[in-house]
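Letter by letter, the chains look like this.
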Amino acid sequence: MKAFTVCEGIAAPLMRDNIDTDMIVRVERIAQLGRGQFAPWAFEMARYQADGAEDRSFILNQPPFRDAQILLSGANFGCGSSREMAVWALEEFGIRCVIAQSFGDIFYANCLQNGLLPIRLDGAQIESLAKPALIGERLRVDLRTRTIQAPGIDQIAFDFPDDRREALLEGIDEIDQTMKLNARILAFQRNDAVTRPWVYVQR
Amino acid sequence: MAKTLFDKIWDQHVIEELPGGVSLLHVDRHLMHELTSVAAIRQLEARGAKVHDPSLTFATLDHVISTRPGRTAGDEAWSTIAIKTLREQTGRLSITRFDVDDGRQGIVHVIGPELGLTLPGVLLVCADSHTCTHGALGAIAFGIGSTEQVHVLATQTIRQKRPKTLRVRFEGATRPGVEAKDMILYLIGALGTSGGTGYAIEYAGQAIRALPVEARLTLCNLSIELGAKIGMIAPDDVTFAYIEGRDYAPAGAALDKAIAQWRELASTDDAVFDKEITIDATLIRPQITWGTSPEHVIAIDAQVPDPLSEPDPVRRESLKTALAYMQLTPGQRLDQTPIDRVFIGSCTNSRLSDLRNAAQVVKGRHVAAHVTAWVVPGSIEVKRDAEREGLDQIFLDAGFEWREPGCSMCVGANGDMVGPGERCVSTSNRNFVGRQGPGALTHLASPRVAAASAIAGRIAMLAGEEEAEVGA
């Protein structure tokens, strides 16, 4: 997994609640494209008009936000479908951090699997970040110190669990970690097959 | 000892407590479908890892498979390739696949319970958010992402933080014509789409106990639309009767022994939940969504909201945007609104009882001339059972299309889509912008309401509802 330490960049405010993963990447794209091909299709329904031309009124089509590395949003960001391609599409577009009031549970977990930093802040704090962001000021998100800095406002501290922070800072691969526990897994299964034989399908 | 249903099952699956409050949990059932699994298996193989337990891993084809009569794969080259790839992968890795030619294909959340793979007390995952459906049998079941799926394939385990618990009691008896779909849409309307975020929900109370298993599956299916990855119902005699005789379920003495264990799973009387909510089920009337989020829901003859009466500016703007997308006027009623499409299907409402409910409304009547109406059964088994009862003929006589099983128009991944600007009453689970196709206008409702609307050619109340309202 890609490590995350510091991200300093343009932040695009998408100040709406309930941005769902269908909105972030459509099902046709996830069915027909692979990792590395999603950048043009992130937020496609908002980014393009029916004739395929860019919709200039959408913030991610406007300079400097088309180079955004941070998204600011409302409540329940990433609700809906479990598609990890929503995280891939954001990441391939260039987003490294999403700051929102709350996240869909599955989307949040998928972010952590891909080194994309999801930060929860309250609405007023996000509004205060949106002000400098909207005039093109860069935000600095530092996971080491769990702080966000922006010109003209006080530094904001954010909560982030220690274990998750460590995993992101080091880019730890959980699959490798768990594979090392295989002896424990096999022992669990041996015991479990005695108490819950109906779990283990014999065919 | 005080323990919830959720706690009991969770604790049985902990292999190891990891730092940071993360548990390493055993996965008893891993279900897969072609939309997400082809890439996950590729990633697994690229790492040089093996499937840890092929015998606990099961695949089917539902998202991109064609639903045309006589289909064998996709409608297009890319979807046929995806299907062919999953067939090769599952063959190579000795993973059981339920396919068209063996008569067991279907939507993954329909066939899991149908085949007896979903059992009380299991921990079941699938790279699909509607995996919460399976909790209806008293399982912990939740959707995962692609990387987590590779983790499950490689280790038969998943790392999770324990969610908080929420009990929702539906007290009192529901009125006639009110379905499980109405109950859960009503709850989403009350709590909002993030009301369950971070929680595992247990549904309880008189109106839940009264539901047959298929209706419980519908109810739990929409837990994710509350933001909850997990929704569950304590297993009872209704559950055990449903399970008996299914392909992968234990039988004979083994079943008796399993049932004895499953009876112990219910939350103890003194169990403590992080949050409790009670809903008066007698107040629930048939529901329909008006907007672009499942929380945009009202009783079928109620008025859509007026953004001007919403004090919060962000919410006011989102109501305005949703009304504009749906081409509705603030304060208008939805019944009488003309429609173009009706879709009866999806992992929410494509089981035999759903088709029976719809057929009962449709029987002897005809779909309005301007409406295209589809029935897409949830599995080959559902389709076979429905045909045995003659339900296919009722739908065909009424002018519905009777199609082959798959996710179809719920998500449009296979090309089954609602056209731009077309208005569809759908029994599916998401009315997000463009969910059923770019520019599609979706109204979520129960099979009965969808069927009545197909006949009327407009969003329609059920016969008897008008009098019920006057009497109420």
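Residues numbered from 1 in each chain as written. Chains lettered and ligands numbered in written order. Predicted model: local features only at pLDDT ≥ 70, side-chain atom pairs only at ≥ 80, totals over all residues.

## Considerations on the overall build of chain B
Right, on to step 1. When you go through chain B residue by residue, the secondary structure sums to 16 helices and 19 strands.
Right, on to step 2. Taken over the C-alpha trace, chain B has a radius of gyration of 22 Å; the compact-globule value for 472 residues is 23 Å, and the two agree within 12%.
Right, on to step 3. In terms of its C-alpha atoms, chain B occupies a principal-axis envelope of roughly 55 × 55 × 45 Å.
Right, on to step 4. The contacts in chain B between residues at least 6 apart in sequence include a share of 76% that link residues at least 24 apart. (Helix = DSSP H or I, 4+ residues; strand = E, 2+ residues; numbered from the N terminus. Rg over C-alpha atoms; globule rule 2.2 N^0.38 Å. Contact = placed C-beta atoms within 7 Å.)

## Details of the interface of chain B and chain A
Right, on to step 1. Across the contact, 55 residues belong to chain B and 47 residues belong to chain A.
Right, on to step 2. The greatest single-element share of the side of chain B that touches chain A, amounting to seven residues, is contributed by helix α5 (residues 146-155) of chain B.
Right, on to step 3. Split into classes, the residues belonging to the side of chain B that touches chain A amount to 26 nonpolar, 21 polar and eight charged. (Nonpolar A, V, L, I, M, F, W, Y, C, P; charged D, E, K, R; others polar.)

## Describing the sheet that holds strand β2 (residues 22-26) of chain B
Right, on to step 1. Pairing in this open sheet of three strands is antiparallel, and the strands run β1-β2-β8 (chain B) from one edge to the other. Of all the strands in the sheet, the pair left with one neighbour each is β1 (14-18) and β8 (157-161) of chain B. Recorded for the sheet is a direction-independent mean angle of 25 degrees between the axes of neighbouring strands.
Right, on to step 2. Its contacts with the sheet put helix α9 (residues 182-195) of chain A on β1, β2 and β8 of chain B, and the angle it makes with β1 of chain B is roughly 145 degrees. (Pairing = 2+ DSSP bridges. Axes fitted to C-alpha atoms, helices over the stretch in contact; angles between N-to-C directions.)

## Examining helix α6 (residues 123-134) of chain A
Residues and elements named next belong to chain A.
Right, on to step 1. Helix length check: α6 (twelve residues) gives 16 Å between terminal C-alpha atoms against 16 Å at 1.5 Å per residue, within 8%.
Right, on to step 2. Residues Ile126, Leu129 and Ala133 constitute the buried set of α6. Angularly, the buried residues of α6 cover 65 degrees about the axis, an arc narrow enough to put them on a single face.
Right, on to step 3. Those residues of α6 that are buried are in contact with β1 (6-14), β2 (70-73), β3 (97-100), β5 (138-142) and β6 (147-149).
Right, on to step 4. Phi for Gly136, located one or two positions after α6, is positive at around 85 degrees. (Expected span 1.5 Å × (residues − 1). Buried ≥ 20, exposed ≤ 12 C-beta atoms within 10 Å, placed from the backbone. Arc of directions from axis to C-beta.)

## Remarks on the packing of helix α12 (residues 352-362) of chain B against helix α15 (residues 447-456) of chain B
Residues and elements named next belong to chain B.
Right, on to step 1. Two numbers describe how α12 lies on α15: the axes approach to 8 Å, and their chain directions differ by 30 degrees. As summarised for this structure, α12 and α15 are arranged roughly parallel, according to the angle between their axes. Of the two elements, α12 crosses α15, and the hand of that crossing is right-handed. On α15, the residues touching Asp354, Asn357, Ala358, Val361 and Val362 of α12 are Pro447, Arg448, Ala450, Ala451, Ala452 and Ile455.
Right, on to step 2. Along the lines of polarity and charge, the residues of the contact of α12 with α15 split into eight nonpolar, one polar and two charged. (Parallel < 35°, antiparallel > 145°, perpendicular 65-115°, else oblique. Left-handed = near helix turned anticlockwise from the far one by under 90°.)

## Observations concerning the UniProt feature "domain: Aconitase A/isopropylmalate dehydratase small subunit swivel" (unreviewed entry) in chain A
Right, on to step 1. With numbering matched to this structure, UniProt assigns "domain: Aconitase A/isopropylmalate dehydratase small subunit swivel" (unreviewed entry) to residues 1-122 of chain A.
Right, on to step 2. What you have in residues 1-122 of chain A is 26% helix and 17% strand, and the ends, taken at the C-alpha atoms, are 28 Å apart. (UniProt positions renumbered as here; feature names shortened; annotations may be inferred.)

## Points about the domain arrangement of chain B
Residue and element names in this part refer to chain B.
Right, on to step 1. Annotation of chain B at the domain level lists domain 1 (5-275) and domain 2 (290-471).
Right, on to step 2. Inter-centroid distance (C-alpha atoms) of domain 1 to domain 2 is 25 Å.
Right, on to step 3. The partner domain 2 presents 36 residues to the 43 residues of domain 1 that form the contact.
Right, on to step 4. Contributing elements (two or more residues each) for the side of domain 1 that touches domain 2: α4 (108-114), α6 (180-191) and α8 (213-221).
Right, on to step 5. Considered class by class, the residues forming the side of domain 1 that touches domain 2 number 13 nonpolar, 17 polar and 13 charged. (Domains from an automatic or database assignment.)

## Re the nonpolar core
Right, on to step 1. Membership of the largest hydrophobic core comes to 216 residues, with the highest contact counts inside it found for Ala89 of chain A together with Met183 of chain B.
Right, on to step 2. In terms of residues, this core owes the most to one element, α6 of chain B, which gives eight residues.
Right, on to step 3. The two domains that each donate at least three residues to this core are domain 1 (5-275) and domain 2 (290-471) of chain B.
Right, on to step 4. For Ala89 of chain A, the contacting residues outside a window of four places in its chain are Ile24, Val25, Phe38, Trp41 and Ala42 of chain A. (Core = buried A, V, L, I, M, F, W, Y, C linked by C-beta atoms within 7 Å.)

## Quick word on the sheet that holds strand β17 (residues 401-402) of chain B
Within a beta sheet, neighbouring strands are joined by backbone hydrogen bonds and run either parallel or antiparallel to one another.
Residues and elements named next belong to chain B.
Right, on to step 1. Read across the sheet, five strands follow the order β17-β16-β15-β18-β19 without closing on themselves; strand pairing throughout is parallel. Pairing within the sheet leaves two strands with one partner each, and these edge strands are β17 and β19 (441-444).
Right, on to step 2. Lying on the sheet, α15 is in contact with β15 (341-344), β16 (372-375) and β18 (423-426); it crosses β15 at an angle near 150 degrees.

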